[in-house]
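Here's the letter readout for the chains.
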Amino acid sequence: MTRALFIVDVQNDFTEGGALGVDGGAAVAAAVSAHLAAHAGDYELIIASRDWHNAEGDNGGHFAAEPDYVDTWPVHCVADTNGAAYHPDLDVSAVTHHVKKGQGKPAYSLFEGQTDAGETAASLVSAHGVLSVDVVGIATDHCVRASVLDAIEHGVDVRVLTAMIAGVGVESSQHAIEEMGHAGAEIVAE
């Protein structure tokens, strides 16, 4: 079975000390690196996404001076800043494709972005005959959830590797895990 790994938004602004840092974010970066060191060869594709917002404007209403933390957020992951960079504990040397999302508009799912060459996750998955995807990253209750649901929508089997995800809230993350499982994702505690 042709398998891919999706690494969702393991960026400085989503880890401890970042603009929208979550507890356990740095640990996710280190755990994903260890997983890649042991298992990179198991994957046909390894796609990493990053929020990559424009410095000017509100990115289609995504940024707000008084965010509601549901649809609007404080400024984060501005293109070419340290906040948008991958966390330093994430070794991206095995990543085959880097996807940027949210340029000028709200975007949560890895499927909403594209590589610098204009490739989307959907086109890459299709072109490489990927039938199964493992998903890891940040945040469980937002971008991981959206990426998993989109992957299922695109007809691939999905495993969520819970030892390599971190969310904003305990309750909202648990709800997201349940939702992903109900949608058909296999929830794997590794």
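Here, every reference points to the structure presented above.
Bear in mind the structure is a predicted one, so any value in this text is a computation, not a measurement.

1. Focus on the overall build of the protein chain
For the protein chain, the helix and strand inventory stands at four helices and six strands. Seen in sequence order, the protein chain has helices and strands lined up from the N terminus as β-α-β-β-α-β-α-β-α-β. Its C-alpha atoms give the protein chain a radius of gyration of 15 Å, near enough to 16 Å, the size a compact globule of 190 residues would have. Overall, the C-alpha framework of the protein chain stretches about 45 × 40 × 30 Å when taken along its three principal axes. With 190 residues in all, the protein chain has 49% of them scored as buried. For the protein chain, contacts bridging at least 24 residues in sequence account for 75% of all contacts bridging at least 6. Working note: accessible area of the protein chain is about 8300 Å², and carbon and sulfur atoms make up 49% of it. Side chains of the protein chain carry 7 positive and 28 negative charges; the gap between the two charge centres is 5 Å.

2. Quick notes on the state of the cysteines
As enumerated under the stated definition, the model contains zero disulfides in all. The thiol sulfur of cysteine 77 is not disulfide-bonded, and the nearest other cysteine sulfur, from cysteine 143, lies at 8.7 Å. When its relative accessible area of 7% is taken as the criterion, cysteine 143 is described as buried.

3. Remarks on the sheet that holds strand E1 (residues 3-8)
Across the sheet, which stays open at both edges, the six strands sit in the order E3-E2-E1-E4-E5-E6 with parallel pairing between neighbours. Lying at the two open borders of the sheet, with one neighbouring strand each, are strand E3 (97-101) and strand E6 (186-188). Adjacent strand axes in the sheet meet at a mean angle of 25° when their direction is disregarded. In this structure, strand E2 (residues 45-51) lies alongside E3, joined through five bridges in parallel fashion. Within E3, the position partnered with isoleucine 47 by the bridge is histidine 97. On top of the sheet, helix H1 (residues 25-39) reaches E1, E2, strand E4 (132-138) and strand E5 (157-166); it is set at about 125° to E5, its chief contact.

Procedures and definitions
- Residues numbered from 1 in each chain as written.
- Predicted model: local features only at pLDDT ≥ 70, side-chain atom pairs only at ≥ 80, totals over all residues.
- Heavy atoms only, no water.
- Helix = DSSP H or I, 4+ residues; strand = E, 2+ residues; numbered from the N terminus.
- Rg over C-alpha atoms; globule rule 2.2 N^0.38 Å.
- Buried < 20%, exposed > 50% of the residue type's maximum accessible area, 1.4 Å probe, protein only.
- Contact = heavy atoms within 4.5 Å.
- Areas by Shrake-Rupley, 256 points an atom, 1.4 Å probe, with all protein chains shown as cover.
- Lys, Arg positive; Asp, Glu negative; His and termini not counted.
- Charge placed at Lys NZ, Arg CZ, Asp CG, Glu CD.
- Disulfide = S-S within 2.5 Å.
- Pairing = 2+ DSSP bridges.
- Axes fitted to C-alpha atoms, helices over the stretch in contact; angles between N-to-C directions.

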